[in-house]
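One letter stands for each residue in the lines below.
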Amino acid sequence: MGISIKLAPKLGSLEQKKEILSNIQGFLTKYGSIIGDGLVKLSFRKSNAKHLVKASIKLAGPQGFYFAQGAGYGLHESLDQALGRVKTQLIKKRDISKNKAMKSFFAEEVMFT
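The paragraphs below set out a description of the structure included in this document. (Residues numbered from 1 in each chain as written. Predicted model: local features only at pLDDT ≥ 70, side-chain atom pairs only at ≥ 80, totals over all residues. Heavy atoms only, no water.)

## Focus: the packing of aromatic side chains
Going through the model one piece at a time under the given rule, you end up with 1 aromatic pair. Taken together, a centroid distance of 5.1 Å and an interplanar angle of 45° make the contact between phenylalanine 27 and tyrosine 31 tilted. Of this pair, phenylalanine 27 and tyrosine 31 both sit in helix α1 (residues 14–35), 4 residues apart, which is roughly one turn of that helix. As far as burial versus exposure is concerned, phenylalanine 27 and tyrosine 31 are alike and both buried. (Phe/Tyr/Trp six-rings, centres within 6.5 Å; stacked < 30°, edge-to-face > 60°. Helix = DSSP H or I, 4+ residues; strand = E, 2+ residues; numbered from the N terminus. Buried < 20%, exposed > 50% of the residue type's maximum accessible area, 1.4 Å probe, protein only.)

## Structural notes on the nonpolar core
Phe27, Phe44, Ile57 and Leu90 are the most contacted members of the largest nonpolar core, which has 23 residues in total. Top contributing element to this core by residue count: α1, with 7 residues. (Core = buried A, V, L, I, M, F, W, Y, C linked by side-chain atoms within 4.5 Å.)

## Observations concerning α1
The first and last C-alpha atoms of α1 sit only 28 Å apart over 22 residues, clearly below the 32 Å expected at 1.5 Å per residue. At threonine 29, α1 shows its maximal kink, close to 50°. Within the sequence span of α1, burial applies to Ile20, Ile24, Phe27, Leu28, Tyr31, Gly32, Ile34 and Ile35. Residues of α1 that are buried make contact with β1 (3–7), β2 (38–46), β3 (53–61) and α2 (75–98). Phi turns positive one or two residues past the end of α1, at glycine 36, with a value near 80°. (Expected span 1.5 Å × (residues − 1). Bend = angle between axes of the 7 residues up to and from the residue. Contact = heavy atoms within 4.5 Å.)

## Comments concerning the environment of aspartate 80
Mapped onto the elements, aspartate 80 comes out in helix α2. Note: C-alpha distance between aspartate 80 and alanine 55 (25 residues apart in sequence) is 9.0 Å.

## Some remarks on the sheet that holds strand β4 (residues 64–72)
Note: strands within a sheet are paired through backbone hydrogen bonds, in either parallel or antiparallel orientation. An order of β1-β2-β3-β4 is seen for the 4 strands of this open sheet, with the pairing classed as mixed. Of all strands in the sheet, those with a lone pairing partner are β1 and β4, marking the two edges. Ignoring strand direction, the axes of neighbouring strands in this sheet form an average angle of 15°. Relative to β1, α1 is tilted by about 145°, and along the sheet it contacts β1, β2 and β3. Helix-sheet contacts for α2 involve β2, β3 and β4, and the interaxial angle to β4 is about 150°. (Pairing = 2+ DSSP bridges. Axes fitted to C-alpha atoms, helices over the stretch in contact; angles between N-to-C directions.)

Shown next, in the form of structure tokens:
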């Protein structure tokens, strides 16, 4: 499995980068079979609110493109929120692709909207 991880340059200390990388690698170990080969781009930024951090994850692969944001009072909280939202998207995609009735329903819905 070839998934590349790209982190924002202004992320924090080296320990924080290692912890974040281990979180992402754990996530990819669990859900990498759904994604296939691809790219994960992760960025953090401070919000206008005091001490609030926003995380953005962009995940691109042959199965599709997924994007999620999370907000929290630290890097890990915002990352966990964003990973949870990407996980939800991946599971929905997997379930839709397994169920032919759901696949045709969503295809009709997209065509007629």
